[in-house]
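# Secondary and tertiary structure notes
These are the residues of each chain, in order.
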Amino acid sequence: MNPYAAVLLLTSAALLQSSLLPHLSRGGLKPDLVVILVISWGLLRGVREGLLWAFIGGVALDLLSATPLGLSALILTPLTLLTGLGQKSIYRTNILFPLVIIFLATLGYNLALLLAWQFLGRPALWGESFLEALLPTGFLNTLVMLPLYPLLSWLHRRIGPERMEW
Amino acid sequence: MSQMRGIPAALLLLLFILAFLALEVTHLLEPVENVVAQLFFPLQQGLDSLGERFTNAGRYFQDLEMLRRQNEELQKLVDQLAIENVRLREAEIENITLRQQLDFKEANPDYQLLSAQVIGHDPSNLLEYITIDRGSGDGIAVGMPVVTSQGLVGRVVETYPRSSRVLLIIDASSSVNALIQNSRATGVVQGKPGGGMVMRYIQQGEEVKTGDLVLTSGLGGNFPRRLVIGQVTAVRQKDIELFQEAEVEPTVEFDHLEMVMIITDFEQ
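What counts, and where the lines are drawn
Residues numbered from 1 in each chain as written. Chains lettered and ligands numbered in written order. Predicted model: local features only at pLDDT ≥ 70, side-chain atom pairs only at ≥ 80, totals over all residues. Helix = DSSP H or I, 4+ residues; strand = E, 2+ residues; numbered from the N terminus. Rg over C-alpha atoms; globule rule 2.2 N^0.38 Å. Buried ≥ 20, exposed ≤ 12 C-beta atoms within 10 Å, placed from the backbone. Contact = placed C-beta atoms within 7 Å. Core = buried A, V, L, I, M, F, W, Y, C linked by C-beta atoms within 7 Å. Pairing = 2+ DSSP bridges. Axes fitted to C-alpha atoms, helices over the stretch in contact; angles between N-to-C directions. Nonpolar A, V, L, I, M, F, W, Y, C, P; charged D, E, K, R; others polar. Expected span 1.5 Å × (residues − 1). Domains from an automatic or database assignment. pLDDT = per-residue confidence, 0-100. Parallel < 35°, antiparallel > 145°, perpendicular 65-115°, else oblique.

### A word on the overall build of chain B
On a plain count of helices and strands, chain B comes out with 2 helices and 12 strands. From first element to last, N terminus to C terminus, chain B shows the α and β order α-α-β-β-β-β-β-β-β-β-β-β-β-β. In terms of overall dimensions, chain B is more spread out than a globule: its C-alpha atoms have a radius of gyration of 45 Å, far above the 18 Å expected for 268 residues. Seen through its principal axes, chain B has C-alpha atoms that stretch 140 × 45 × 35 Å. Considering chain B as a whole, with its 268 residues, one finds that 28% of them fall into the buried category. The long-range share in chain B, meaning contacts at least 24 apart out of those at least 6 apart in sequence, stands at 53%.

Have a look at this one:
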């Protein structure tokens, strides 16, 4: 996908996540739309495009968040590398694998964020954070992935083979 | 000459007609008429019905076109009214919020308040921050308390020329010195992941009950005194522990936060 289109898409997703989704959320939880998009794209298109999306998505998230600029990109990059290294063909044909992957990726992403914040002097409250925010977000992201992954899969087929040019 | 030749034929025809009329008058043609009527009736009926159908079809298409036009006009009207309805509802909600803010202003004449709209939330579920549409250009500075008519919201932690970031009191990194309204017991209200709050460091022996109102104590100088924080929903007290703890439900509905006020003249 054209990287400029990726910038537009991921920035829009980050804006949605920080403006519209909180109003639609119940119990204060909203899906990590950008994380879902980045991980899904990495699974579908491979590591190269996935890493670019991780960088763009991470920066877009950090611009709208109280987290230091670059932190989300720093966490998403190795996460995408890990998830994108697997067998793309399996991910593409079976919906179950991406669902498991997004659940684990959500936990990984948020745990890494908590760890980073603890280093930065913010109270992490591991147990409460895990039960009250991380686990519910993991399930919510998995639920959102269910309709989103086939949609991205369709987009991936429409675009054709991987090609990136700025 | 040729004209003369047609006269006998015309006379003959006239004669024939007269004879026909005579037969008709004398009802002698009735059996023939009956047979012909029997033969023509279904044909006539069919053709008449067909004609009626053609007329109806024409009218149907005319009506259809008219109905389509009417439908379009009504749909436009419905759309306009729906938009108008949403606008009025929004204006009503805004009016209620502004009236509540005015009431708060009148009840707290010492505070210099500036209204702001919430324009964003932190995208992470682990952080409880909001972004407001007032910044350093409007005189907003780091540390200023943010409230609604329902109670304390948080404090400004970052400012930009036209916007600011506010740390909500439900964030895990937020601590507010507080007191229980009835017993005057003091403690610290801290945010919890998931949007709740807990009041810690309440001395053993202090009376804390469910339903008690929790206010800012003003200790530490981060927030003005007597701002409503929330209500006690549960108390955890163990004799072996040094302090008691109380679960606090915020009075501010953080999920539906749209407008806030910044106390601009508060000096820490």
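There's plenty left to go through after this.
### Details of the nonpolar core
Grouped together as the largest cluster of nonpolar side chains are 82 residues, with contacts concentrated most on Leu 10 and Val 34 of chain A together with Ile 229 and Val 260 of chain B. Once residues lying within four places of it in the same chain are set aside, the contact partners of Leu 10 of chain A are Val 34, Leu 37, Trp 53, Ile 56, Gly 57 and Ala 60 of chain A.

### Here's the deal with the sheet that holds strand β8 (residues 197-203) of chain B
All names here are of chain B. Judged by pairing direction, the barrel is antiparallel, and its 6 strands sit side by side in the order β6-β7-β8-β11-β10-β9 before closing back on the first. Neighbour-to-neighbour, the strand axes of this sheet turn through a mean angle of 40°, independent of strand direction. With 5 bridges joining them, β8 and strand β11 (residues 243-250) adopt antiparallel strand pairing. Considered in β11, the bridge of Met 199 is made with Ala 246.

### A closer look at the interface of chain A and chain B
Listed as interface residues are 24 residues of chain A and, on the opposing side, 17 residues of chain B. When residues of the side of chain A that touches chain B are traced back to their parent elements, those giving at least two are α1 (3-19), α4 (47-64), α7 (96-119) and α8 (126-159) of chain A. With 5 residues, the top contributor of residues to the side of chain A that touches chain B is α8 of chain A. In terms of residue class, the side of chain A that touches chain B is built from 11 nonpolar, 9 polar and 4 charged.

### Thoughts on α4 of chain A
Taking 1.5 Å per residue, 18 residues should reach 26 Å; α4 of chain A reaches 25 Å between its end C-alpha atoms and fits that length. Burial analysis of α4 of chain A places 13 of its 18 residues in the buried class, which makes it a mostly covered element.

### Regarding the domain arrangement of chain B
Interface extent is often summarised as the accessible area lost during association of the parts. Residues and elements named next belong to chain B. By domain assignment, chain B separates into domain 1 (28-107) and domain 2 (113-263). Taking only C-alpha atoms, the centre of domain 1 and the centre of domain 2 are 57 Å apart. Taken together, the contacts link 6 residues of domain 1 with 6 residues of domain 2. Split into classes, the residues belonging to the side of domain 1 that touches domain 2 amount to 1 nonpolar, 3 polar and 2 charged.

### Considering the confidence of the model for chain B
Residue and element names in this part refer to chain B. Taken as a whole, chain B shows an average pLDDT of 87; of its residues, 98% reach a score of 70 or greater. Within chain B, helix α1 (residues 2-25) has the poorest average pLDDT of any element, 78, and strand β5 (residues 164-168) the best, 95. Across the whole predicted complex the pTM is 0.74, and at the interface the ipTM reaches 0.84.

### A few points about the packing of α1 of chain A against helix α3 (residues 33-45) of chain A
Residues and elements named next belong to chain A. Closest axis-to-axis distance for the α1/α3 pair is 8 Å, and the angle between their directions is 150°. Overall, the two elements α1 and α3 adopt an arrangement that is roughly antiparallel. Contacts between α1 and α3 involve Leu 10, Ala 13, Ala 14, Leu 16 and Gln 17 from the former and Leu 33, Val 34 and Leu 37 from the latter. The residue inventory of the contact of α1 with α3, partitioned by class, reads 7 nonpolar, 1 polar and no charged.

### Let's talk about the pairing of strand β1 (residues 113-121) of chain B
All names here are of chain B. The sheet contact formed by β1 and strand β12 (residues 259-263) spans 5 bridges and is antiparallel. Of the residues in β12, the one forming a bridge with Ala 116 is Val 260. Relative to strand β2 (residues 129-132), β1 runs antiparallel, the two sharing 3 bridges. What sits directly across from Val 118, in β2, is Ile 132.

### Structural notes on the sheet that holds strand β4 (residues 151-159) of chain B
Whether parallel or antiparallel, the strands of a sheet pair through hydrogen bonds between backbone atoms. All names here are of chain B. Pairing in this closed barrel of 6 strands is antiparallel, and the strands run β1-β2-β5-β4-β3-β12 around the ring. Adjacent strand axes in the sheet meet at a mean angle of 45° when their direction is disregarded. Where strand β3 (residues 145-148) and β12 come together, 2 bridges link them in antiparallel fashion. Paired with Val 147 across the two strands is Met 261, which belongs to β12.

### A few points about the pairing of β2 of chain B
All names here are of chain B. Alternating residues of β2 divide into Tyr 129 and Thr 131 and Ile 130 and Ile 132, and every residue in both groups is buried. With 4 bridges connecting them, β2 and β5 associate as antiparallel partners. Residue Tyr 129 lies in a different strand from β5, and its bridge partner there is Leu 167.

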